[in-house]
Amino acid sequence: EQEFKELNMVQLDPYWKVRSLCYSFNMNCFGERETLIKRIENILFNNYLFKKAPTQKLLEVCDTDIELLVKNLHCTTNKFDNISLRDLEAYSRQEVPLKIPDDKISNHQWPWHVVVELARSHKALTYLDVYRGMTLLMRSSMVFYNHFLEGECITAGVVLPYTPKILDYLTPLQIYNIIKTLGMKTNYDVANVMDIYKQKLLDLFYCVDDSPRLHGILPCQSRYKSCSSLSSMFCANYMCKLCCQDIQHKNPCIIHDRYEQFFRYKVRSVYMFEEAKSFDRTRTLRLQMRRLIRKHDLERVFENVPIEWDKLCFYYHHGAHRIHIAYLVLETQEDAKKVLLNKMYFLQKLDKYDANLTALNTSLYRVCEKYKDAENMIAIIKPLTTLEVVTELPSESFYKSQVAQLIQTITQLGSTQFFLEEDLNPVTGERDMNHLYLKLPGKEYIEKVYHAQPLFGCLIVHKLSHIQVCPFLRYSPDMCIMCVARKDQRCIHDMCKDCCSRQKYGILVCQCSLQLVQASIAQKKEIVSKDKSITETLCDKCPNKRDRDCPNKMCSVCCPIQAIRFDCPFHDESNYCREIKTLPGQLIGRKMLSIVSELHIKMRHELKCGRYDWFRPIYGTDVQESMRKANRELQEVLDNGSIIRGTTTTRYKREGKILTFQANEPLTIWLSPSEKVFESIDNKGQPFVEYYYSEEASREERTIWVKNSLNKYRYLLHLHE
């Protein structure tokens, strides 16, 4: 299944390619990868003469320094235009000076000095200053055998103590000091120096993702609880396995979610996009494309068709962030009907783009209003994908009968005991097999069909009683779909009482939470009656005070559990981010380096125990046992100066144990004049971190000889007291 997801689920382009395209198109290169991809797509759509350069040409410019890009392209974000390097230095002087010893933290300058197995050729993916900053985020023993790679399989772990979202919460002074602590260049003779600093941190983050011999490790970015586990860069939400599966508002994750969750998320995002745009479904067509159709070509194909081009709207693919669907709004329903009747004529002209032209489906919320007993009905939906598992479904003449037979097999009901109805095309009024509505005699039969999905390996089942369209399936059928509590068995929304009572939107009234809703309304009226001016400060769903920065106008309890809501940067902020952004500007960079030391210990422990949740699923694969064995033996650190790191090694013999005491460099990180962190390995080769707290930490050097077995080299360890 993991291989199926990696081969078939659309993913983002490598960042080096996106960055090179920005340079070749002379466009603004500041922003996150998703933003740059959308920017490129818009330029390509509107400019017919723009062509993507070949990969080899892009490789030649991908290591162009950011200073050269800024000078040549004259780009800016307009966010930090009034902040110069002189201002940042002045802000630093205004803070209470910490008087931290200005010692060099590490003697290594490049990542291939820390982990010599890394090929220096990989430095071509970005400019050298990024690799210089990456060095302090790596450790020589933070490596593992990656059996998913061919040939030399040593992969180095890189601890990333921030994410692109965290950078949005940090102040300019904090970003400046992170750059300074990592040893990256700060002296730029440009006006928008802060844009460069922030983009360099983004370049470092994405470079780790692009490099096949590097793997990014992050602190778990859990939003609603404190979690100290490791998370993988492969996770779309940068969370550990448990936290990623606990939340409903997230991106589908290629290492933590099953493949049908991707189908559900795409259906939900497309349908909610169409609801938000309020399209007239009787005269709007959905043009789905796998390759970008230029505006010039689109206008030529529909040259004599009365399309309102000023209302042309795009849906960007949730995974690739490219233009995936174009919504064509015609002048009348008859015009839309004519286009659908001549569908094959238009698709032949768009053959090289692998396009498909369909009408919009009936809104599931309208269907829920149509039927009186909607709590006993489900919708069976074809995923919006061109994968073979969907295209090989039975033809329309046999599709409904095949689904009916499958329902009989699952529920053991007779053909007359349930009702199966197809949807109607809102443009032509003909039968539409993309939606089938199934009515069953009881809730127990609904549960059987719901938990049997995906039907035929791809069909999605959606309960019409759910407020959210196609929510993520929970790993336990008794779990509330919005939180980790046990759901109320009487709830038609499949929620616990508390979550059900706090929903702002919903068509059906649930009896399980009716009393709680009435009590909350009464309590709110009582508060408002005492002081009417307080109305604007209360949460929209409960008597609590709303959070001022919440776009949903709710409190911290109601906002995260809403089935339908706007993205909320305030409540979706991770616990780790809340802690990091409160650190002083002078301290944040060194504090992040101490986090690297702590995660180094955790990663080595996970490798020793044979757990790979921080990497990717290896359970059930053909490399599971060999990878566990190789990395468990790799944890033995040798005292042998004759071992040369970087040469070809044998995985299972003694020569495969490449970690040595000589290669591990003790690090001292000063956090304040009275607090420092010391990181090294003990005489058994296990990493450790020591924390020193005193009125004024002493800096006298002491020497310890670590005793090893006979005929071995002794390791001279220098500490500071």
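What this report covers is the structure whose coordinates are included nearby. (Residues numbered from 1 in each chain as written. Predicted model: local features only at pLDDT ≥ 70, side-chain atom pairs only at ≥ 80, totals over all residues. Heavy atoms only, no water.)

Let us now look at the nonpolar core. Here is a general trend for soluble globular proteins: nonpolar side chains tend to be buried in one another's company. With 135 residues, the main nonpolar core has Met134, Tyr197 and Phe302 as its most contacted residues. Counting residues per element, this core draws most heavily on helix H11 (residues 193-210), at 11 residues. Met134 has contacts with Pro111, Val158, Leu204, Cys207, Val208 and Leu214, leaving out every residue within four places of it along the chain. Judged by nonpolar contacts, the second largest core, of 79 residues, contains Met9, Phe262, Tyr327 and Leu438. (Core = buried A, V, L, I, M, F, W, Y, C linked by side-chain atoms within 4.5 Å. Buried < 20%, exposed > 50% of the residue type's maximum accessible area, 1.4 Å probe, protein only. Helix = DSSP H or I, 4+ residues; strand = E, 2+ residues; numbered from the N terminus. Contact = heavy atoms within 4.5 Å.)

With that settled, consider the sheet that holds strand E3 (residues 214-219). In space, the 4 strands of this open sheet follow the order E1-E2-E3-E4, with mixed pairing throughout. Because the sheet does not close on itself, it has two edges, and the strands there are strand E1 (143-145) and strand E4 (230-232). Taking the axes of each pair of neighbouring strands and ignoring which way they run, one obtains an average angle of 35° across the sheet. Pairing of strand E2 (residues 154-159) with E3 involves 4 bridges; the strand directions are parallel. Across the sheet, the residue bridging to Ala156 is Leu214, located in E3. (Pairing = 2+ DSSP bridges. Axes fitted to C-alpha atoms, helices over the stretch in contact; angles between N-to-C directions.)

This brings us to the sheet that holds strand E15 (residues 687-693). The antiparallel open sheet is built from 3 strands, whose spatial order is E13-E14-E15. At either end of the open sheet lies a strand with only one pairing partner, and these are strand E13 (667-672) and E15. In this sheet, neighbouring strand axes are inclined to one another by 20° on average, regardless of whether the strands run parallel or antiparallel. Where E13 meets strand E14 (residues 675-681), 5 bridges bridge the pair, whose relative direction is antiparallel. Across the sheet, Trp670 pairs through a bridge with Lys676, a residue of E14.

It is worth spelling out the side chain of Lys198 at this point. Secondary-structure assignment places Lys198 in helix H11. Of the residues examined, Lys198 reaches a relative accessible area of 13% and is grouped as buried. Ignoring anything within four residues of it in the chain, the contact list for Lys198 reads Phe80, Leu167, Asp168 and Ile175.

Time to look at the packing of aromatic side chains. Applying the stated criterion across every chain yields a total of 24 aromatic pairs. Judged by centre distance (5.8 Å) and plane angle (85°), the rings of Phe205 and Tyr206 are edge-to-face. Its relative accessible area of 0% is what places Phe205 among the buried residues. An aromatic cluster is present here, built from Phe144, Phe148, Phe234, Tyr612, Trp614 and Phe615 joined pairwise through their rings. Cation over ring: Arg268 sits above Phe472, and NZ or CZ is 4.8 Å from the ring centre. We note Lys382 situated over the ring of Tyr399; from NZ or CZ to the ring centre the distance is 4.5 Å. (Phe/Tyr/Trp six-rings, centres within 6.5 Å; stacked < 30°, edge-to-face > 60°. Lys NZ or Arg CZ within 6 Å of the ring centre and 35° of its normal.)

So, about the pattern of salt bridges. Enumeration according to the criterion identifies 34 salt bridges in this entry. One salt bridge connects Asp257 with Lys250, and the closest N-O pair in it is separated by 3.1 Å. By relative accessible area, Asp257 is classed as buried at 5%. Residue Lys250 is classed as buried on the basis of its relative accessible area of 7%. Here the salt bridges do not stand alone but share partners, grouping Glu274, Glu275, Arg281 and Arg286 into one network. (Salt bridge = Lys/Arg side-chain N within 4 Å of Asp/Glu carboxyl O.)

Turning our attention to the packing of helix H19 (residues 396-411) against helix H20 (residues 443-450). Look at H19 against H20: their axes get within 9 Å of each other, and the N-to-C directions meet at 115°. Here H19 lies roughly perpendicular to H20, going by the angle between them. H20 is crossed by H19, and the crossing has right-handed handedness. For the pair H19 and H20, the contacting residues are Ile407, Ile410 and Thr411 in the first and Tyr445, Lys448 and Val449 in the second. By residue class, the composition of the contact of H19 with H20 is 4 nonpolar, 1 polar and 1 charged. (Parallel < 35°, antiparallel > 145°, perpendicular 65-115°, else oblique. Left-handed = near helix turned anticlockwise from the far one by under 90°. Nonpolar A, V, L, I, M, F, W, Y, C, P; charged D, E, K, R; others polar.)

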